[in-house]
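Okay, here's what each chain looks like letter by letter:
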Amino acid sequence: MINKLDATFRFYEDAANLRAHRQQLIASNIANVDTPNFKARDISFKDALENTGGNKVVKLATNVPNHIASPSSGGGAAAAGAPLMYRAAIQGSVDGNTVDMDIERSQFADNAIHYEANLTFISDQIKIMRAAIQG
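Residues numbered from 1 in each chain as written. Predicted model: local features only at pLDDT ≥ 70, side-chain atom pairs only at ≥ 80, totals over all residues. Heavy atoms only, no water.

### Thoughts on the overall build of the chain
Counting secondary structure elements, the chain contains three helices and two strands. Taking the intrachain contacts of the chain between residues at least 6 apart in sequence as the baseline, contacts between residues at least 24 apart amount to 77%. Of the roughly 9000 Å² of accessible surface on the chain, a fraction of 57% belongs to carbon and sulfur atoms. (Helix = DSSP H or I, 4+ residues; strand = E, 2+ residues; numbered from the N terminus. Contact = heavy atoms within 4.5 Å. Areas by Shrake-Rupley, 256 points an atom, 1.4 Å probe, with all protein chains shown as cover.)

Right, here's the structure in full:
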């Protein structure tokens, strides 16, 4: 029973971490809308979530002994396994920038809604478990 609960919460933890990582990427795209030759980047949430597998441990690469070690549980590091992709430019620009603000705003809002729904689901599951334990 505990393993099933742990696996369920690990899945939603990985999903929340990927959503947060994607939100940062989209925010970076928006921040660089006026940067010449900046290429908009994103991840495929579906593919990245399928690749987390729930039990994989992702180690962060360090090149200096003073770097902070990555968590051994794999939590929080799921986003590191998501391959970054470039967004194709729908309408080319003279300066080579591929950021389309309409798409970025739309993706930002969509991702924020999914992130909030994920957190609401986790919160509801915890409330149900607390109610069951307390009787």
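### A look at the packing of aromatic side chains
Counted according to the given criterion, the structure contains two aromatic pairs. Judged by centre distance (5.1 Å) and plane angle (85°), the rings of F11 and Y12 are edge-to-face. In this structure F11 comes out as partly exposed when scored by relative accessible area, which is 39%. Residue Y12 is classed as partly exposed on the basis of its relative accessible area of 22%. Ring pairs connect the aromatic residues F11, Y12 and F121, which therefore count as one cluster. (Phe/Tyr/Trp six-rings, centres within 6.5 Å; stacked < 30°, edge-to-face > 60°. Buried < 20%, exposed > 50% of the residue type's maximum accessible area, 1.4 Å probe, protein only.)

### Section: the side chain of R87
In this structure, R87 sits in the loop between strand 2 (85-86) and helix 3 (101-134). On the basis of relative accessibility, which here comes to 17%, the residue R87 falls in the buried class. A polar contact of 2.4 Å, which involves the side chain of R87, links it to the side chain of D42. (Polar contact = N/O pair within 3.5 Å; in protein donor to acceptor, adjacent residues only side chain to side chain.)

### Some remarks on the pattern of salt bridges
Here the idea is simple: oppositely charged side chains can pair when their charged atoms come close. Scanning all chains against the criterion turns up five salt bridges. Residue R87 is joined to E104 by a salt bridge in which the shortest nitrogen-to-oxygen separation is 2.4 Å. Of the two residues, R87 is situated in the loop between strand 2 and helix 3 and E104 in helix 3; the sequence distance between them amounts to 17 residues. Look at the salt bridges and you will find they share partners, linking R22, D42, R87 and E104 into a network. (Salt bridge = Lys/Arg side-chain N within 4 Å of Asp/Glu carboxyl O.)

### Quick word on the nonpolar core
Counting residues in hydrophobic clusters, the biggest one holds eight residues: A15, L18, L25, I43, F45, A48, L49 and A82. Mapped by element, the contributors of at least two residues to this core are helix 1 (2-31) and helix 2 (45-52). Excluding residues that lie within four positions of it along the chain, I43 makes contacts with L18, H21, R22, L25, A82, P83, L84 and M85. (Core = buried A, V, L, I, M, F, W, Y, C linked by side-chain atoms within 4.5 Å.)

### Some words on helix 1
In a regular helix each residue adds 1.5 Å, so 30 residues correspond to 44 Å; helix 1 covers 43 Å between its end C-alpha atoms and thus fits that length. Turning to helix 1, its buried residues number three or more, namely D14, A15, A16, L18, R19, R22, Q23, L25, I26 and N29. (Expected span 1.5 Å × (residues − 1).)

### Re the packing of helix 1 against helix 2
Relative orientation of the contacting elements helix 1 and helix 2 amounts to 140°, with a least axis distance of 10 Å. Classified by the interaxial angle, the pair formed by helix 1 and helix 2 is oblique. Considering the relative orientation of helix 1 and helix 2, their crossing is right-handed. Taken together, the residues of helix 2 that come into contact with helix 1 (itself represented by F11, D14, A15, L18 and R19) are F45, A48, L49 and T52. Looking at the contact of helix 1 with helix 2, its residues break down into six nonpolar, one polar and two charged. (Axes fitted to C-alpha atoms, helices over the stretch in contact; angles between N-to-C directions. Parallel < 35°, antiparallel > 145°, perpendicular 65-115°, else oblique. Left-handed = near helix turned anticlockwise from the far one by under 90°. Nonpolar A, V, L, I, M, F, W, Y, C, P; charged D, E, K, R; others polar.)

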